[in-house]
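Observations on chain architecture
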Amino acid sequence: QVQLVESGGGLVQPGGSLRLSCAASGSIFSISVMGWYRQAPGKQRELVALITGISSTTYTDSVKGRFTITRDNAKNTVYLQMNSLKPEDTAVYYCNAHLRLIGATSYTTYWGQGTQVTVSS
């Protein structure tokens, strides 16, 4: 089985910073794309950022220039550095990983359990 465990959420004032981490563990053969999504109360889950195995990145427009996604392939871990946080960034943040298990022939997407980020004064 595979587990994605997120950490780093919390309460921060507007303009502050947080760093989220998500570590994938289990019988993993390889990971292609890793990403962060978020879901605010009453809204649909939305993409925040994606990173490929060769560290090509994609960001939603609202976080460009403020958030940075990186990954450590040796640790099967993805990070999201969030700077200049705004109240509208408040949401539950979920990581996901598109990965192939040992012995498998195809890739499957797995999700973490989510971590709350609250931006408020």
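Cut-offs applied
- Residues numbered from 1 in each chain as written.
- Predicted model: local features only at pLDDT ≥ 70, side-chain atom pairs only at ≥ 80, totals over all residues.
- Heavy atoms only, no water.
- Core = buried A, V, L, I, M, F, W, Y, C linked by side-chain atoms within 4.5 Å.
- Buried < 20%, exposed > 50% of the residue type's maximum accessible area, 1.4 Å probe, protein only.
- Helix = DSSP H or I, 4+ residues; strand = E, 2+ residues; numbered from the N terminus.
- Contact = heavy atoms within 4.5 Å.
- Disulfide = S-S within 2.5 Å.

Turning our attention to the nonpolar core. Counting 31 residues, the largest nonpolar core has Trp36, Leu80, Met82 and Tyr93 as the members making the most contacts within it. Contributions of two or more residues to this core are made by β1 (2-7), β3 (18-26), β4 (28-39), β5 (46-51), β7 (67-72), β8 (77-82), β9 (91-101) and β11 (115-119). If one sorts the elements of this core by residue count, β9 sits on top with five residues. Residues within four places of Met82 in sequence aside, it is in contact with Gly16, Ser17, Leu18, Leu20, Arg66, Phe67, Tyr93 and Val117.

To continue, consider the environment of Asn83. With respect to the element layout, Asn83 can be found in the loop between β8 and β9. Those residues in contact with Asn83, other than ones at most four positions away along the chain, are Gly16, Ser17, Arg66 and Phe67.

On to the state of the cysteines, then. By definition, a disulfide links two cysteine residues through a covalent bond between their sulfur atoms. On inspection of all chains with the given rule, the structure shows one disulfide. Across the disulfide, Cys22 is cross-linked to Cys95 (sulfur-sulfur distance 1.9 Å). With Cys22 in strand β3 and Cys95 in strand β9, the pair connects residues that are 73 residues apart, well separated along the chain. Residue Cys95 is classed as buried on the basis of its relative accessible area, which comes to 0%.

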